[in-house]
Amino acid sequence: MFTGIIEATGKIALLQKKQGDLAIRIQSADLDMKDVKLGDSIATNGVCLTVVDKHIDGFSADLSNETIGLTGFAHYAIGQTVNLEKAMQPVSRLGGHLVSGHVDGIATITSVTKNARATEYWLATDEDLMKYIPYKGSVCIDGISLTVNAVEGNKFKLTIVPHTSEQTTIAHFKVGTQVNLEVDQIARYLERLIKGAEQPTGSNISMSLLAKAGFIK
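The protein chain is annotated in an unreviewed UniProt entry as Riboflavin synthase from Pseudoalteromonas aliena. Regarding the protein chain, the UniProt comment filed under Pathway (unreviewed entry) reads as follows: "Cofactor biosynthesis; riboflavin biosynthesis; riboflavin from 2-hydroxy-3-oxobutyl phosphate and 5-amino-6-(D-ribitylamino)uracil: step 2/2." Entered under Catalytic activity (unreviewed entry) in the UniProt record, the comment concerning the protein chain runs "2 6,7-dimethyl-8-(1-D-ribityl)lumazine + H(+) = 5-amino-6-(D-ribitylamino)uracil + riboflavin".

Encoded structure:
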């Protein structure tokens, strides 16, 4: 589990075909690897990767074809800069929102404009994902926890302050850039609960129960 608060950036040092899928090595001078063990998870541009080898300056991981097909790793290359976050600990502050590192799809930057010191980005994604992206809701873009500032059709707007641009890869975003998108987990689980309540499956969950709990009005 992650928070979407980026700890460091790194670069792809190796991206190699291996028995039908890919092996990857990430180098970072800023990510503290002292407490990382083999088998630990590190979110890399929002994708939960398992550490299979640890290095002084980074780590190695394997990429399944499922991960390659759903994320931006399909078009990444050696030298690509990526956002990094180690898995959260129970004592960590939850500065962003709950992020699983399981990417739902791809979003594409459609416009970039300045607004005083901030930068506004409009992104487009599949219509079936937009139902999980409400105004003032949370999304995870390339591993970064962000707030949705506007929604129009299959597009949504993000307003990025200078600190976020300086500490992440967002400064490199431009029109046409494709990014990994993870929608808010609560929205997905709530939809499943509602669908279950609408079907005569014998579940104790009902629309009135969800309303009483404050999930719906």
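This next bit is on the sheet that holds strand E8 (residues 105-115). The six strands are arranged E8-E9-E12-E11-E10-E13 in a closed barrel whose pairing can be described as antiparallel. Taken over all neighbouring pairs, the strand axes of this sheet differ in orientation by 45° on average, direction set aside.

This next bit is on the nonpolar core. Core analysis: the largest hydrophobic core is formed by 22 residues, its most contacted members being Leu 123, Val 139, Ile 141, Phe 156 and Leu 181. Elements with a minimum of two residues in this core: E8, strand E9 (118-124), helix H2 (127-130), strand E10 (138-141), strand E11 (144-152), strand E12 (155-160) and strand E13 (178-183). By size, the runner-up hydrophobic cluster in this structure holds 21 residues, among which are Ile 24, Met 33, Leu 49 and Tyr 76.

For the rest of this paragraph, the subject is the sheet that holds strand E5 (residues 53-55). The seven strands are arranged E4-E3-E7-E1-E2-E6-E5 in an open sheet whose pairing can be described as antiparallel. Of all strands in the sheet, those bounded by a partner on one side alone are strand E4 (47-50) and E5. Averaged over all pairs of adjacent strands, the angle between strand axes in this sheet comes to 35°, irrespective of strand direction. Where strand E2 (residues 21-27) and strand E6 (residues 58-63) come together, six bridges link them in antiparallel fashion. Bridge pairing in E6 places Ile 24 opposite Ala 61.

The next subject is the pairing of E9. Counting buried positions along E9 yields seven of seven residues, so the element is predominantly enclosed. Of the two faces of E9, the one lined by Ala 118, Glu 120, Trp 122 and Ala 124 and the one lined by Thr 119, Tyr 121 and Leu 123 are each fully buried. With antiparallel pairing between neighbouring strands as the criterion, E8 and E9 make up a hairpin whose turn holds two residues, including Ala 116 at a positive phi of roughly 60°. Bridging between E9 and E12 involves six bridges; their strand directions are antiparallel. Across the sheet, Tyr 121 pairs through a bridge with Leu 158, a residue of E12.

What follows covers the packing of aromatic side chains. Counting across every chain of the model gives two aromatic pairs. With centroids separated by 6.2 Å and ring planes inclined at 80°, the aromatic side chains of Tyr 121 and Phe 173 adopt a geometry described as edge-to-face. Of this pair, Tyr 121 sits in strand E9 while Phe 173 sits in the loop between helix H3 (162-167) and E13, and the two are 52 residues apart along the sequence. Taking relative accessible area as the criterion, Tyr 121 reaches 5% and is therefore assigned buried.

Cut-offs used in this document
- Position numbers for residues count from 1 along each chain, tracking the sequence in the order it is written.
- Per-residue local features are limited, in this predicted model, to residues with pLDDT of at least 70; the limit for side-chain atom pairs, both in listing and counting, is 80 or more; totals at the level of whole chains, interfaces and linings are taken over all residues.
- Computation of side-chain values covers all heavy atoms of the structure but excludes hydrogens and water.
- UniProt positions are given in the numbering used here, feature names are shortened, and annotations may be inferred rather than shown by experiment.
- Following DSSP output, two strands are said to pair if at least two bridges run between them.
- The helix count covers DSSP runs of H or I at least four residues long, the strand count covers runs of E at least two residues long, and both are numbered beginning at the N terminus.
- To define axes, lines are fitted to C-alpha atoms, for helices over the stretch in contact only, and angles between the resulting N-to-C directions are given on a 0 to 180 degree scale.
- Throughout, nonpolar core names a set of buried Ala, Val, Leu, Ile, Met, Phe, Trp, Tyr and Cys residues whose side chains join them through atoms within 4.5 Å.
- Here the term buried applies to any residue with accessible area under 20% of the maximum for its type, exposed to any over 50%, and partly exposed to those in between, with areas from a 1.4 Å probe on protein chains only.
- Aromatic contacts are taken between Phe, Tyr and Trp rings whose centres are within 6.5 Å, Trp giving its six-membered ring; a plane angle under 30 degrees counts as stacked, one over 60 as edge-to-face, and the others as tilted.

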